[in-house]
Every structure is written in C-alpha cells, then in structure tokens.
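Observations on the model geometry
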Amino acid sequence: QVQLVESGGGLVQPGGSLRLSCAASGFTFSMYHMRWYRQAPGKERELVAAITSPSGRTNYADSVKGRFTISRDNAKNTVYLQMNSLKPEDTAVYYCNANYGFRNYWGQGTQVTVSS
C-alpha cells in the first residue's frame, strides 16, 4: 500500500523556520521524482520545490528561491522541505508528491500557518 505521510507543519511567526518531512512507503522511493506543492485558501495548488531521481537536481518556485531547500534521504525513504524566513504568504497546506512516469502519488497534506 502506497503511503506518503507529511509532518512538521504548524504555526510559526514571520521570519521563522519549519522543516517538513514526508515519509514514503509502498513503492521504490529512490526511483521517484519528489515534489512539494502547496495550496492556500481560494487558490490553486502550486509547485513549490522538486528534486529528481537519480541526479538529485532541484528546482524551486521563484517565490521561495533562497528561502526553501528540498532534500531527500533515500535510505530513510523521506523527502524534506526546509523553510526559512517564512512569510505570511507562505501560509498553505503543503503536500508531498511522488512521480515516476504515469505513477503519481499524493500525501494528505500538512498545514503551515505563518502569523504573528
């Protein structure tokens, strides 16, 4: 059974940091491209960051470049999103995504709220 379980969300003040984790199971994690998306209320889901397999090449949305870092640990079947210098506009539900060809899996999401 395929599972992607996100954790690490919460309430943080502007300028603060959070690290999201996504633990994967039920598929060969190391073969999959991994992505983080987010969806704010009333807005479409948007791609935040991606990391490829096997090269580990990363790319980011312009809005988070220089503040967010995506990484993966294939030994732990986990992908991370380190989020620094958080802004109120980063408030959203963050989703983990795994993709390999036509196979596409989603986590249930974790809420991130940036507010003073």
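Computed from a predicted structure; not experimentally measured. Each chain has its residues counted from 1, running along the sequence as written. Note on the predicted model: pLDDT of at least 70 is required for a residue's local features to be given, and 80 or more for side-chain atom pairs to be given and counted; whole-chain, interface and lining totals, by contrast, use all residues. Derived side-chain values reflect all non-hydrogen atoms in the structure, with water molecules and hydrogen atoms excluded from consideration.

1. Some points on the overall build of the protein chain
From N to C terminus, the protein chain includes zero helices and 11 strands. Here a helix means four or more residues in a row that DSSP labels H or I, a strand means two or more in a row labelled E, and each is numbered from the N terminus. Listed N to C, the secondary structure of the protein chain is β-β-β-β-β-β-β-β-β-β-β in terms of helices and strands. For the protein chain, the C-alpha radius of gyration of 13 Å lies close to 13 Å, the compact-globule estimate for 116 residues. Its C-alpha atoms give the protein chain principal-axis dimensions of about 40 × 25 × 25 Å. For every residue, the accessible area obtained with a 1.4 Å probe (protein chains only) is divided by the maximum for its type, and the residue is called buried under 20%, exposed over 50%, and partly exposed between those limits. Counting only residues that meet the buried cut, the protein chain has 41% of its 116 residues in that class. We call two residues in contact when some of their heavy atoms are within 4.5 Å. Counted over contacts in the protein chain with a minimum sequence separation of 6, partners at least 24 positions apart contribute 53%. Residue burial considers only the protein chains on display, and all accessible areas are found by Shrake-Rupley using a 1.4 Å probe. Accessible surface, the protein chain: about 6100 Å² in total, of which carbon and sulfur atoms supply 47%. Within the protein chain, one finds 12 positive and 7 negative side-chain charges whose respective centroids are separated by 6 Å. In this treatment the radius of gyration is a C-alpha quantity, and the globule benchmark scales as 2.2 Å times the residue count to the 0.38 power. His is not counted, nor are the chain ends, whereas Lys and Arg count as positive and Asp and Glu as negative. Charged groups are reduced to one reference atom each: NZ for lysine, CZ for arginine, CG for aspartic acid, CD for glutamic acid.

2. Description of the nonpolar core
Soluble globular proteins: nonpolar side chains tend toward being buried together. Joining through side-chain atoms within 4.5 Å is the link that ties buried Ala, Val, Leu, Ile, Met, Phe, Trp, Tyr and Cys residues into a set, and such a set is a nonpolar core. Ranked by size, the top nonpolar core spans 29 residues in total, and within it M34, W36, V79, L81, M83 and Y94 carry the most contacts. Counting residues per element, the ones that place at least two in this core are β3 (18-25), β4 (33-39), β5 (46-51), β7 (68-73), β8 (78-83), β9 (92-100) and β11 (110-114). Not counting residues up to four positions away in its chain, the partners in contact with M83 are G16, S17, L18, L20, R67, F68, Y94 and V112.

3. Some remarks on the pattern of salt bridges
Here a salt bridge means any side-chain nitrogen of Lys or Arg lying within 4 Å of a carboxyl oxygen belonging to Asp or Glu. This model, assessed by the stated rule, comprises four salt bridges. The salt bridge involving D90 is made with R67; its shortest N-O contact spans 2.7 Å. Of this pair, D90 sits in the loop between β8 and β9 while R67 sits in the loop between β6 (58-60) and β7, and the two are 23 residues apart along the sequence. Accessibility assignment for this pair places D90 and R67 in one class, buried. Overlapping salt bridges bring together R38, E46, R67 and D90 as one network.

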